[in-house]
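Understanding the architecture of this molecule
The residues making up each chain are set out below.
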Amino acid sequence: SKLPEFAAIGRSNVGKSSLINCLTGNDKLAKVSKEPGMTKLINHFLINDTWYLVDLPGYGFAKTASREARASWLDFTKDFFISRDALVHVLLLVDGSLPPQQVDLDCAAWLAECEVPFAIVFTKADAAKKGAPTPAQNVRAFKKALSQVLEVLPWCFETSSRSGRGRSEVLGYLASLRELARRNGGP
Ligand code: GDP
């Protein structure tokens, strides 16, 4: 049978490549780009010969992004979610160094609407900017905003690819989901 897949999505520059490197423990595995929007193609990372981490294109959604660009990202991603029967779970990455962004709230609402099982992984939990809210405050604000949209909050993890914070929690979560899928005879 097919190996189980987990997909990571998020805004460009959210820290997806860094997180994938952090989770897989291989700096050469995912390309970390300095410029936003470099993760254009789908990359499959085979982990321990037993499961895949799938790197989906980031949603750009700069203020200038066209309606067409957004629509094509949504179409593309939705097609992917529908067509992948090995897909177990999605990780929605949210930048913990920023206050709640509407596009991320929209994406979470959209996943819930499509009944795609997902968890939220906040990135950059280490990032402290002078005079700006802390990542802990940003996370709290995001959850509060999300609770106004969703009846049930998804599992949330606070991570830092710099410090490794949250790494074992996320890996443990993915392992338990794989075990569950295996017992249910899924992928
Ligand atoms: P991607 O476009 O989502 O793949 O993001 P990258 O992994 O390329 O990271 C985007 C930027 O965020 C880079 O400048 C990284 O150095 C920075 N970054 C990524 N992860 C972290 C983190 O855990 N903490 C901090 N402080 N910065 C991070």
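Look up a bit, the structure's there.
Residues numbered from 1 in each chain as written. Predicted model: local features only at pLDDT ≥ 70, side-chain atom pairs only at ≥ 80, totals over all residues. Heavy atoms only, no water.

To continue, consider unusual backbone geometry. The residue Asn 13 is not glycine, and still its phi comes out positive at about 80°. Checked against the element boundaries, Asn 13 lands in the loop between strand S1 (5–10) and helix H1 (16–24). A relative accessible area of 46% means that Asn 13 is categorised as partly exposed. (Helix = DSSP H or I, 4+ residues; strand = E, 2+ residues; numbered from the N terminus. Buried < 20%, exposed > 50% of the residue type's maximum accessible area, 1.4 Å probe, protein only.)

The strand order across the open sheet built from six strands is S2-S3-S1-S4-S5-S6, with neighbouring strands paired in mixed fashion. The open sheet has two free edges, formed respectively by strand S2 (43–47) and strand S6 (156–158), since each of these has just one partner strand. Strand-to-strand twist in this sheet, taken as the mean axis angle between neighbours without regard to direction, amounts to 25°. In this sheet, strand S4 (residues 87–95) lies alongside S1 in parallel orientation, the contact comprising six bridges. Among the inter-strand pairings, Glu 5 is bridged to a residue of S4, identified as Leu 87. The sheet contacts of H1 involve S1, S2, strand S3 (51–55), S4 and strand S5 (118–123), and relative to S3 the element is tilted by about 165°. (Pairing = 2+ DSSP bridges. Axes fitted to C-alpha atoms, helices over the stretch in contact; angles between N-to-C directions. Contact = heavy atoms within 4.5 Å.)

Here we come to the environment of Pro 117. Turning to its location among the elements, Pro 117 is positioned in the loop between helix H3 (102–113) and S5. Taking the C-alpha atoms as reference, Pro 117 lies 6.3 Å from Val 90; in sequence the two are 27 residues apart. Other than its neighbours up to four places away in sequence, Pro 117 contacts Val 88, His 89 and Val 90.

This part takes up the packing of helix H2 (residues 67–83) against H3. It is the contact of H2 with H3, at a shortest axis distance of 13 Å, that shows an interaxial angle of 35°. You can see that H2 and H3 cross each other, and the crossing is right-handed. Touching Arg 70, Trp 73, Leu 74, Thr 77, Lys 78 and Phe 81 of H2 are Val 103, Cys 107, Trp 110 and Leu 111, all from H3. A per-class count over the contact of H2 with H3 returns seven nonpolar, one polar and two charged. (Left-handed = near helix turned anticlockwise from the far one by under 90°. Nonpolar A, V, L, I, M, F, W, Y, C, P; charged D, E, K, R; others polar.)

According to the stated counting rule, one finds seven aromatic pairs in the structure shown. With centroids separated by 5.0 Å and ring planes inclined at 55°, the aromatic side chains of Phe 157 and Tyr 173 adopt a geometry described as tilted. Placement of the pair is Phe 157 in strand S6 and Tyr 173 in helix H5 (residues 167–183), with a sequence separation of 16 residues. One aromatic cluster in this structure is built from Phe 80, Phe 81 and Trp 110. (Phe/Tyr/Trp six-rings, centres within 6.5 Å; stacked < 30°, edge-to-face > 60°.)

Close to the ligand lie 15 residues; Lys 16, Ser 17, Ser 18, Asp 126 and Ser 161 are nearest. Between Gly 15 and the ligand, the recorded distance is 3.0 Å, taken from a backbone N or O atom to an oxygen atom. One nitrogen or oxygen atom from the main chain of Ser 161 is found 2.8 Å from an oxygen atom belonging to the ligand. Starting from 580 Å² of accessible surface for the ligand in isolation, the protein chains cover 86%. Its residues assigned to classes, the shell around the ligand shows three nonpolar, eight polar and four charged. (Near = heavy atom within 4 Å. Polar contact = N/O pair within 3.5 Å; in protein donor to acceptor, adjacent residues only side chain to side chain. Areas by Shrake-Rupley, 256 points an atom, 1.4 Å probe, with all protein chains shown as cover.)

So, about the pattern of salt bridges. When their charged atoms lie close together, side chains carrying opposite charge are able to pair. On inspection of all chains with the given rule, the structure shows eight salt bridges. A salt bridge links Asp 95 to Lys 124; the nearest nitrogen and oxygen atoms lie 3.2 Å apart. One end of the pair, Asp 95, is in strand S4; the other, Lys 124, is in the loop between S5 and helix H4 (135–147), with 29 residues separating them in the sequence. For Asp 95, a relative accessible area of 8% corresponds to the buried category. Note that Arg 182 is salt-bridged to Glu 179, the shortest N-O span being 2.9 Å. In this pair, Arg 182 and Glu 179 both sit in helix H5, three residues apart, roughly one turn of the helix. (Salt bridge = Lys/Arg side-chain N within 4 Å of Asp/Glu carboxyl O.)

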